[in-house]
Amino acid sequence: MQNKKIILSDGAGGKSTHNLIKNIFLKKLGNPMLNRLDDSAYLPLPTSNFRLCFTTDSYVVKPIFFPGGDIGKLSVCGTINDLAVMGAKPLYISLAFILEDGFEIEKLEKIVSSIAATSKKAGVKIVCGDTKVVEKDACDEIFINTSGIGIVNDKLNISGHNARPGDIAIISGTIADHGIAVLNARQELGLTGNLESDVSPLNNLVEKMLEAGEIRVMRDPTRGGLATTLNEIAEQSNVGIEIEEQKIPIKKSVKIACDMLGLDPLYIANEGKLIAVVKEKDAQKILSAMRKHSLGKNSEIIGKIISKPKGVYLKTKIGGNRILQMLDSDQLPRIC
């Protein structure tokens, strides 16, 4: 049953979010492009060998500065990555700020500088924007909305609907880095070790992957983490996904932090990682290409696509099997 009021779990990327999308947004705004629920929308062009790819997102992370990044870098990378995992070359980004009365100019300058550096590194241009200022306490310092446009070759078809039994699942690196880094900074937990966000633009890595072989599905496992993203793919493609716990890369410091806090790293957000589902014959070539890139050096084959049972299943380190459901409630709100 849909809640009568918005709650934090509605923005967590799990079941509540999916119910909100289905019962309100798709019900009122649904069309063939939006209904696919991919990370970006393919937009056909009348006379061209390319299609447009379009995406939009909003960023409300707390705190706005965290180890490894800030809300500005996060907003640009998030938009670039949603385009990149559709096989698109990101070109243009819009940028809209909602600022709280009293927000420090020095902080804003630092965030805008971060946006400029990140977009330049990724080779995309900020082409339009907007700024609104609201009363004190009407928002939490600063919120950012972005939209992005890229182009994708007409011959390319990457979608959550394309996974097939026998395909191989690859993760581009260690999981849960972003969520734990943000939580540690937000709550001032004082946890030590290599706890930095992985926030990064993935478009260059994706280009190398596309050169190496055929990719059926790509997703960036942000809110809801690896487990929720795999469930989305399994549901869209009507398949099962079997992954091996011992193959999933995770930093020792992040694993220790998760154990201490009672959190499951499989459900914690990432902002510089991707999941790829590829043809079995191309898996090793694509994995090799990923490992040669700085953002894919810790890539691993973590599992395979099966015909049934449907859903996502984890082969545990001790030899058991665990059903991985979609995120049901919010582990970490305000993570992006």
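Our subject is the structure that appears above.
What counts and how
Residues numbered from 1 in each chain as written. Predicted model: local features only at pLDDT ≥ 70, side-chain atom pairs only at ≥ 80, totals over all residues. Heavy atoms only, no water. Axes fitted to C-alpha atoms, helices over the stretch in contact; angles between N-to-C directions. Helix = DSSP H or I, 4+ residues; strand = E, 2+ residues; numbered from the N terminus. Parallel < 35°, antiparallel > 145°, perpendicular 65-115°, else oblique. Left-handed = near helix turned anticlockwise from the far one by under 90°. Contact = heavy atoms within 4.5 Å. Salt bridge = Lys/Arg side-chain N within 4 Å of Asp/Glu carboxyl O. 1 Å grid on protein atoms, 1.4 Å probe; cavity = no way out; pocket = protein on both sides within 12 Å on 5 of 7 lines; lining within 4 Å. Points joined across faces, edges and corners; volume = space filled by probe spheres on them. Nonpolar A, V, L, I, M, F, W, Y, C, P; charged D, E, K, R; others polar. Pairing = 2+ DSSP bridges. Buried < 20%, exposed > 50% of the residue type's maximum accessible area, 1.4 Å probe, protein only. Phe/Tyr/Trp six-rings, centres within 6.5 Å; stacked < 30°, edge-to-face > 60°. Lys NZ or Arg CZ within 6 Å of the ring centre and 35° of its normal. Polar contact = N/O pair within 3.5 Å; in protein donor to acceptor, adjacent residues only side chain to side chain.

Just to check I follow, could you spell out the packing of helix α2 (residues 71–84) against helix α3 (residues 105–122) for this structure?
The relative placement of two packed helices comes down to the angle between their axes together with the axis-to-axis distance. Between α2 and α3, the shortest axis-to-axis distance is 7 Å and the interhelical angle comes to 30 degrees. Taken together, the axes of α2 and α3 lie roughly parallel to each other. The chirality of how α2 crosses α3 is right-handed. Contact residues: Ile 71, Gly 72, Lys 73, Ser 75, Val 76, Cys 77 and Ile 80 in α2; Ile 111, Ser 114, Ile 115, Thr 118, Ser 119 and Ala 122 in α3.

Looking at this structure, I do not really get the pattern of salt bridges. What am I missing?
Opposite charge on two side chains allows them to pair when their charged atoms are near. On inspection of all chains with the given rule, the structure shows 21 salt bridges. Note that Asp 167 is salt-bridged to Arg 216, the shortest N-O span being 2.7 Å. Taken together, the positions of Asp 167 in the loop between β7 (142–153) and β8 (168–171) and Arg 216 in strand β9 (residues 215–219) put the pair 49 residues apart, joining distant regions of the chain. The partner of Lys 281 in a salt bridge is Asp 282, with the nearest N and O atoms 3.3 Å apart.

Where do I start with the layout of surface pockets in this structure?
A water-sized probe, rolled over the atoms, reveals where empty space remains. Here the second largest pocket defines a volume of roughly 290 Å³. Residue lining of the second largest pocket: 19 residues in total, with Asp 177, Asp 198, Lys 251, Lys 273 and Leu 295 positioned closest to the centre. Taken together, the residues that form the lining of the second largest pocket break down as two nonpolar, 10 polar and seven charged.

Which parts of the structure should I look at to understand the sheet that holds strand β5 (residues 89–100)?
Strand pairs in the sheet, formed through backbone hydrogen bonds, run parallel or antiparallel to each other. Here we have five strands laid out as an open sheet, ordered β1-β2-β7-β5-β6, and mixed in their pairing. The open sheet has two edge strands with one neighbour each: β1 (41–43) and β6 (125–134). Going from strand to strand, the sheet's axes swing by 20 degrees on average, the running direction of each strand aside. Looking at chain direction, β5 and β7 are connected through 10 bridges and run antiparallel. Pairing of Ile 93 across the sheet is with Gly 148, part of β7. Of the strands in this sheet, β5, β6 and β7 touch α3, which is tilted by about 175 degrees from β5.

Is there a simple way to think about helix α5 (residues 203–212) in this case?
Because each turn of an α-helix spans 3.6 residues, side chains separated by three or four positions in sequence point in the same direction. Regarding α5, the residues found buried are Asn 203, Leu 205, Val 206, Met 209 and Ala 212. Buried-residue contacts for α5 involve α2, β5, α3, β9, β11 (275–278) and α8 (283–291).

Quick question: what am I supposed to make of the packing of aromatic side chains here?
Describing an aromatic ring pair means giving the distance of the ring centres and the angle of the ring planes. Applying the stated rule across the entire model yields zero aromatic pairs. Above the plane of the ring of Phe 65 lies Lys 110, whose end atom (NZ or CZ) is 4.7 Å from the centre.

I would appreciate a short explanation of the sheet that holds β8 in the present structure.
Taking strand neighbours across the sheet as the criterion, the seven strands line up as β9-β11-β8-β12-β10-β13-β14 in an open arrangement whose pairing is mixed. Strands at the two margins of the open sheet, each flanked by one partner only, are β9 and β14 (321–323). Each neighbouring strand pair of the sheet contributes to a mean axis angle of 25 degrees, computed without reference to strand direction. Strand direction decides the pairing type here: β8 and β11, joined by four bridges, are antiparallel. Of the residues in β11, the one forming a bridge with Ile 168 is Val 278. Along the sheet, helix α6 (residues 225–237) makes contact with β8, β9, β10 (240–244), β11, β12 (300–306) and β13 (311–315), crossing β9 at roughly 140 degrees. Docked against the sheet, α8 engages β8, β9, β11 and β12, running at close to 5 degrees with respect to β8.

Whenever I open this one, the side chain of Gln 236 confuses me. Can you help?
Summarising the element assignment, Gln 236 is placed in helix α6. Gln 236 gets classed as buried once you look at its relative accessible area, which sits at 18%. One polar contact links Gln 236 to Arg 219, side chain to side chain, over a distance of 2.6 Å. Setting aside residues no more than four positions away along its own chain, Gln 236 makes contact with Arg 36, Leu 37, Asp 38, Gly 160, His 161 and Arg 219.

Mind showing me how you'd approach empty space enclosed by the protein here?
Summed over the entire model, instances satisfying the criterion amount to one cavity of 30 Å³ or more. Of the pockets and cavities examined, the largest cavity occupies roughly 80 Å³. Lining the largest cavity are 11 residues, with Gly 224, Tyr 267, Ala 269, Leu 332 and Ile 335 sitting closest to its centre. Per-class residue counts for the lining of the largest cavity are seven nonpolar, two polar and two charged.

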